[in-house]
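Close look at the chain arrangement
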Amino acid sequence: MLVYVTVPDRETAYELAQDAVASGVAAGANISGPCHSVYRWQGKVKSAPEWQIFFQTSAFDALASHLARLHPHITPCIIGMKLDAGLPAFLEWIADSGAGKC
């Protein structure tokens with residue numbers, strides 16, 4: 001799976017990525033940013049700079065639970081996307097990484 005997560009700053013992005021990979025709930029992570037998000041929260045339209053993390057994992061539930069415990073937002077953006085296709089060797093690397101088997 002590819003798991004998309006947004007966080008408020010670069011430091012949080014690196015901390016969550018490092019921790020998820022070290023803890024074994026993600027095979028890897030790609031960090032991108034900053035970007036600018038526009039969203040509705042508590043009835044108001046807001047905007048804020050954010051950073052994006054794309055995790056590779058074979059265990060969405062374990063990764064999502066792990067990230068939700070550490071994420072600074074009350075309702076974090078954690079979205080899982082099943083991969084229909086990919087370079088077979090890369091998909092095997094994700095499966096063989098032990099992600100989610102901790």
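Above: the structure in question.
Attention in this report is confined to the structure presented alongside it. For every chain, the first residue of the written sequence is number 1, and numbering continues from 1 onward in sequence order. A pLDDT threshold of at least 70 governs which residues receive local features in this predicted model, and a stricter bar of 80 or more applies before side-chain atom pairs are shown or counted, although totals over entire chains, interfaces and linings include all residues. Derived side-chain values reflect all non-hydrogen atoms in the structure, with water molecules and hydrogen atoms excluded from consideration.

**Describing the sheet that holds strand β2 (residues 28–41)**
Cut-off, in case you're wondering: By the convention used here, strands pair only if DSSP detects at least 2 bridges between them. Helix and strand definitions follow DSSP, with helices as H or I runs of at least four residues and strands as E runs of at least two, each counted in order from the N terminus. Axis definition: a line fitted to C-alpha atoms, limited for helices to the stretch in contact. Angles are taken between N-to-C directions and run from 0 to 180 degrees. We call two residues in contact when some of their heavy atoms are within 4.5 Å.
Pairing is antiparallel across the open sheet formed by four strands, whose spatial order is β2-β3-β1-β4. The open sheet is flanked by β2 and β4 (78–81), the only strands paired with a single partner. Neighbour-to-neighbour, the strand axes of this sheet turn through a mean angle of 25°, independent of strand direction. Here strand β1 (residues 2–7) runs beside β4; their pairing, made up of four bridges, is antiparallel. When the sheet's bridge partners are listed, Y4 is paired in β4 with I79. Relative to strand β3 (residues 44–56), helix α1 (residues 10–23) is tilted by about 35°, and along the sheet it contacts β1, β2 and β3. Packed on one face of the sheet, helix α2 (residues 60–70) meets β1, β3 and β4 and runs near 165° to β4.

**Notes on the packing of α1 against α2**
Selection rule: In this scheme, roughly parallel covers angles under 35 degrees and roughly antiparallel covers those over 145, while 65 to 115 is roughly perpendicular and the rest are oblique. Rotating anticlockwise by less than a right angle from the far helix to the near helix defines a left-handed crossing, while the corresponding clockwise rotation defines a right-handed one. Under the scheme applied here, ten amino acids are nonpolar (Ala, Val, Leu, Ile, Met, Phe, Trp, Tyr, Cys and Pro), four are charged (Asp, Glu, Lys and Arg), and all others, including Gly, are polar.
In contact at an axis separation of 11 Å, α1 and α2 are set at 140° when each is read in the N-to-C sense. Overall, the two elements α1 and α2 adopt an arrangement that is oblique. For the crossing formed where α1 meets α2, the hand is right-handed. Along the contact surface, α1 presents L16, D19, A20 and S23, while α2 presents L63, H66, L67 and L70. In terms of residue class, the contact of α1 with α2 is built from five nonpolar, two polar and one charged.

**Quick notes on the packing of aromatic side chains**
Heads up, the condition is: Working definition: a ring pair exists when centres of Phe, Tyr or Trp rings (six-membered ring for Trp) sit within 6.5 Å. Plane angles under 30 degrees give stacked, over 60 give edge-to-face, the rest tilted.
This model, assessed by the stated rule, comprises two aromatic pairs. Ring centres of Y4 and F54 lie 5.2 Å apart, and the angle between their planes is 45°; on these two criteria the pair is classed as tilted. One end of the pair, Y4, is in strand β1; the other, F54, is in strand β3, and 50 residues separate them in sequence. Pairing F90 with W93 gives two aromatic rings, centres 5.2 Å apart and planes at 35°, and the pair type is tilted. Placement of the pair is F90 and W93 together in helix α3 (residues 88–96), with a separation of three residues, close to one helical turn.

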